[in-house]
Amino acid sequence: MAAAALMVEAFAVQRERVFLWVPLAFAGGIGAYFSLLFEPGSMLIGLVAASVVTLAGAALLTPRFAPFLVLTVVILSGFLTAASRSHFVAGPVLEWRSYGSVQGRIIHMDKSASDAKRLTLDRVVMERLPPEDTPRRVRVSLHGDAAQQGTEHSALEIGQTVLLTANMSPTNGPVEPEGFDFRRHAWFLKLGGFGYTRTEVLTLSPAKRSGVALFTSSLRQEISQAVQRDMAPELGAFATAVTTGDRSAMPQEVLQNLRRTNLAHLLAISCVHMGLLTGFVFALVRGGLALVPSLALRLPTKKIAAVVAMVAGAVYLAISGGSVATERALVMLLAVVLDQRVLSLRSVATAALIVLVLRPEALVGPGFQMSFAATIALVVAFRVLKDRPIAWLERRSRFVKSVAGVVITSAVAGLATAPVAAAHFNQFVHVGLFTNLIAVPVMGAIVIPGAVLSALLAPIGVGWIGLKVMSVGCWWILQVAAFFASLNGAVSGVPSPPLWVLLLIGIGGVIAVLWIGRGKWAGVVAMCCALFGWGNSERPDVLIASSGGLVGFMHDGTRRLSREKGEGFAAKNWLENDGVLSFDAATWQITYPRV
């Protein structure tokens, strides 16, 4: 009885932070749905929905147990949201390989990991396939003559209806147990088939920009072409990636340099970009209004600047294609307009809940996990520094404080995201802190302002001035990446952990941050146990490709493969998950450990 009373008392203390636990409970329901080995039927969905209504009513009638009942309702609501989202995006999926004509409208153009240009098509028509069995979207890689055609800017455009002859196949599942499930990833992208073509792509009708999504994709392509036309090739490719999210022109060597130095996050349109852009626009608008005393004294300049910055962020979000991090940053910027604290756990919890409601599948992706891990860590770190300021730092100049802020931010965000990055990408970057300290300030001081300047001057035909400013910052960042990537020991491989490890790290981290009282140390213990379990986990002794054409078995700590060629995708993923960085960075050719 005494233990039960202590437990009830401990939970009662947490009532003031119930809202902060809501996103975790909602995520628990989403995770429960994705962990199922079967698709829940209408009977199970109905039972869960009835439980939500019943428990919600019970929470109103029993205030003492209301927090527990509410969190249970939130968990079940997360389950229902994930199931609803899965059914909403449902569409036909190819069930067998085929070869024939494929007709469709280009809605997206990018580049694969193997450096092949790709087209994403909708309004698909496939030879010998009835409409009811035809995928709504397919993705086709361009090789041979088709790839040469894709290098010409005027050859292929967003919105064109094209006809091609392609080898098409269903989506592949994980290459190993508990591996990345590309089939699930494709399902939520509404992709029902993948293929490649080596013949020329024929244009059936010119580009038509109907719809907001297609218009923004076309605008993104035009901006990318304009930036690459006015800048040197590598600099233009980098500038395009950080402004529009288009990486199709990025050389693989440059991409690998950025990944090996922990600067690849600059390519992802993330909270860094959103924060720098909206911060610059916010400061520009508020500073401009402050120059007019009659306006500064009568108008809420802070709110006006926040609204303008939020509009700029929304436009940037649309042009860049959107990501979890940019959505989170945009939601948190709304806190300024509503007179709420931006750097608070409540703002982070609100942003997480909105993102998960709109896209529950984001929970299992590295973007969501890394973005919110870094944000929560930064909020906690700066709250601690505010409550317990460093006396030595308080007496220093503003410049020293700014440098210290960059160091603390990079270190805290790097430590928070390191386990997630290592688990998903199988590498640990040893020079990441140094490269971020050198490159990120240049991103904020030169690249982003240059991009804003270019956007402001583009309507009068002198946008190249801003691009010249961007070139300086882009050149510096690429030089930093190339130098540090060439150092021995810049990065080391990390084996993939079991699924429970990352889950336990996340739950332990949230408990350590949110729990009031000594119970937060249980979160620290949980994270330590997860890291210990990771270090002592073993990779599968035998792995077999889905086709049966390749077998990989462990021998003396090294993955030995049954053949030297073929099944390259499976082999590369096995070796990466083993923590072996054994492929050439420039060509992505695999160096097989021979039997």
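Residues numbered from 1 in each chain as written. Predicted model: local features only at pLDDT ≥ 70, side-chain atom pairs only at ≥ 80, totals over all residues. Heavy atoms only, no water.

Chemist: Describe the overall build of the chain, with residues and values.
Modeler: Across its full length, the chain holds 22 helices and 11 strands. Counted over contacts in the chain with a minimum sequence separation of 6, partners at least 24 positions apart contribute 69%. Split by element, the accessible area of the chain, about 30,700 Å² in all, is 65% carbon and sulfur. (Helix = DSSP H or I, 4+ residues; strand = E, 2+ residues; numbered from the N terminus. Contact = heavy atoms within 4.5 Å. Areas by Shrake-Rupley, 256 points an atom, 1.4 Å probe, with all protein chains shown as cover.)

Chemist: I'd like to hear about unusual backbone geometry, residue by residue, with values.
Modeler: Its identity is not glycine, yet arginine 123 carries a phi of approximately 50 degrees, on the positive side. As for its placement among the helices and strands, arginine 123 is situated in strand β2 (residues 117-126). The exposed category is assigned to arginine 123, whose relative accessible area is 57%. Phi at lysine 190 takes a positive value of approximately 65 degrees, unusual for a residue other than glycine. Overall, the relative accessible area of 27% leaves lysine 190 in the partly exposed class. (Buried < 20%, exposed > 50% of the residue type's maximum accessible area, 1.4 Å probe, protein only.)

Chemist: Describe the layout of surface pockets, naming the residues involved and giving the relevant values.
Modeler: The volume enclosed by the second largest pocket comes to roughly 730 Å³. Along the walls of the second largest pocket sit 29 residues, with Ala451, Val452, Ser454, Ala455 and Leu456 positioned nearest its centre. When residues in the lining of the second largest pocket are grouped by element, the largest group, six residues, is from helix α18 (residues 432-457). (1 Å grid on protein atoms, 1.4 Å probe; cavity = no way out; pocket = protein on both sides within 12 Å on 5 of 7 lines; lining within 4 Å. Points joined across faces, edges and corners; volume = space filled by probe spheres on them.)

Chemist: Please set out the sheet that holds strand β11 (residues 558-561) residue by residue, giving values where relevant.
Modeler: Reading across the sheet, the three strands line up as β9-β10-β11 and stay open at both edges, with antiparallel pairing between neighbours. This sheet does not close on itself; its edge strands, each paired only once, are β9 (542-544) and β11. The mean inter-strand angle of the sheet, taken between neighbouring strand axes irrespective of direction, is 25 degrees. Summarising the sheet, strand β10 (residues 551-555) and β11 pair through four bridges and their orientation is antiparallel. When the sheet's bridge partners are listed, glycine 552 is paired in β11 with leucine 561. Strand contacts of helix α22 (residues 568-577): β9, β10 and β11, with the helix running at about 165 degrees to β11, the strand carrying the most contacts. (Pairing = 2+ DSSP bridges. Axes fitted to C-alpha atoms, helices over the stretch in contact; angles between N-to-C directions.)

Chemist: Explain the environment of leucine 514 residue by residue, including any values.
Modeler: Among the structural elements, leucine 514 can be located in helix α20 (residues 499-514). Since its relative accessible area comes to 8%, leucine 514 is described here as buried. On a C-alpha basis, the gap between leucine 514 and valine 18 in space is 9.6 Å, while along the polypeptide they are 496 residues apart.

Chemist: Provide a residue-level description of the pattern of salt bridges, including the pertinent values.
Modeler: Under the criterion given, the structure shown has eight salt bridges. Put simply, glutamate 127 and arginine 128 hold a salt bridge, and the shortest N to O gap is 2.9 Å. Relative accessible area serves as the criterion here: at 64%, arginine 128 is assigned to the exposed category. Each of Glu176, Arg539, Arg559 and Asp578 takes part in salt bridges that share partners, so that together they form one network. (Salt bridge = Lys/Arg side-chain N within 4 Å of Asp/Glu carboxyl O.)

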